[in-house]
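Here are the chains, one letter per residue:
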Amino acid sequence: QVQLVESGGGLVQPGGSLRLSCATSGSIFSRYGMGWYRQAVGKQRELVASISSGGTTKYADSVQGRFTISRDNAKNTMYLQMNSLKPEDTAVYFCNADRGWLGYLWGQGTQVTVSS
């Protein structure tokens, strides 16, 4: 019954911005390490950014300085702020939660298209 619900994807021009949200429920949310992945057509799924339960963040080199991952444990929500978007950022973006012994949990994915 536990699931991740993603929103915020869409079409944006190069140089524009989007904010993705990933929401779930339950008090255990604050204990999860979480991340955003993306998969472009014909390419392997890759890790874009991650955030630990303690708030430590990491980014792929390709998005460093442009994307910001954050979490609001009180709202059981994780965010990905994407600025200075490029056509190569076009992909389906997936939310992921590491639940430890309970395994990984994935969102359904949301399409981000960067095009002029």
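See the structure printed just above.
Quick summary incoming for the structure in this document. Not measured: the values here are computed from a predicted model. (Residues numbered from 1 in each chain as written. Predicted model: local features only at pLDDT ≥ 70, side-chain atom pairs only at ≥ 80, totals over all residues. Heavy atoms only, no water.)

1. So, the state of the cysteines
We apply this condition: Any two cysteine sulfur atoms lying within 2.5 Å of each other are counted as a disulfide. Under the DSSP-based scheme used, a helix requires at least four consecutive residues in state H or I and a strand at least two consecutive residues in state E, with every element numbered from the N terminus. Exposure is judged per residue with a 1.4 Å probe applied to protein chains only, and the accessible area is read against the type maximum: over 50% gives exposed, under 20% gives buried, and values in between give partly exposed.
Summed over all chains, the structure comprises 1 disulfide. Across a sulfur-sulfur distance of 1.9 Å, C22 and C95 are joined as a disulfide pair. Disulfide C22-C95: the torsion about the S-S bond is -75 degrees, which places it as left-handed. Residue C22 is located in strand β3 (residues 18–23), and its partner C95 is located in strand β9 (residues 91–98); the two are separated by 73 residues in the primary sequence. A relative accessible area of 0% places C22 in the buried class. Taking relative accessible area as the criterion, C95 reaches 0% and is therefore assigned buried.

2. Let's talk about the pairing of strand β11 (residues 110–114)
As a reminder, the rule being used: Here a strand pair is declared whenever DSSP counts at least two bridges between the two strands.
Because side chains alternate across β11, one face comprises the buried residues T110, V112 and V114, and the other comprises Q111 and T113, none of which is buried. Bridge count for β9 against β11 is 3 bridges, and the pairing is antiparallel. Along β11, the bridge assignment pairs V92 with Q111.

3. Quick notes on the sheet that holds strand β8 (residues 77–82)
Inclusion rule: Only the stretch in contact is used when fitting a helix axis, every axis being a line fitted to C-alpha atoms; angles between N-to-C directions are given from 0 to 180 degrees.
The 4 strands lie next to each other as β1-β3-β8-β7, forming an open sheet whose pairing is antiparallel. Looking along the sheet, the strands with just one partner apiece sit at the ends: β1 (5–7) and β7 (67–72). Ignoring strand direction, the axes of neighbouring strands in this sheet form an average angle of 15 degrees. Relative to β8, β3 runs antiparallel, the two sharing 6 bridges. Residue pairing for β8: A23 is matched across the bridge by T77.

4. Re the nonpolar core
What counts, and what does not: Throughout, nonpolar core names a set of buried Ala, Val, Leu, Ile, Met, Phe, Trp, Tyr and Cys residues whose side chains join them through atoms within 4.5 Å. Contacts are assigned to residue pairs that have any heavy atoms within 4.5 Å of one another.
With 27 residues, the main nonpolar core has M34, W36, F67, M78, L80, M82 and Y93 as its most contacted residues. Counting residues per element, the ones that place at least two in this core are β3, β4 (33–39), β5 (46–51), β7, β8, β9 and β11. With 4 residues, β9 is the largest single contributor of residues to this core. Excluding its chain neighbours within four sequence positions, the residues that come into contact with M82 are G16, S17, L18, L20, R66, F67, Y93 and V112.

5. Observations concerning the environment of G100
Along the chain, G100 falls in the loop between β9 and β10 (104–106). Note on G100: relative accessible area 49%, which makes it partly exposed. Linking G100 and Y32, residues 68 residues apart in sequence, is a C-alpha distance of 7.9 Å.

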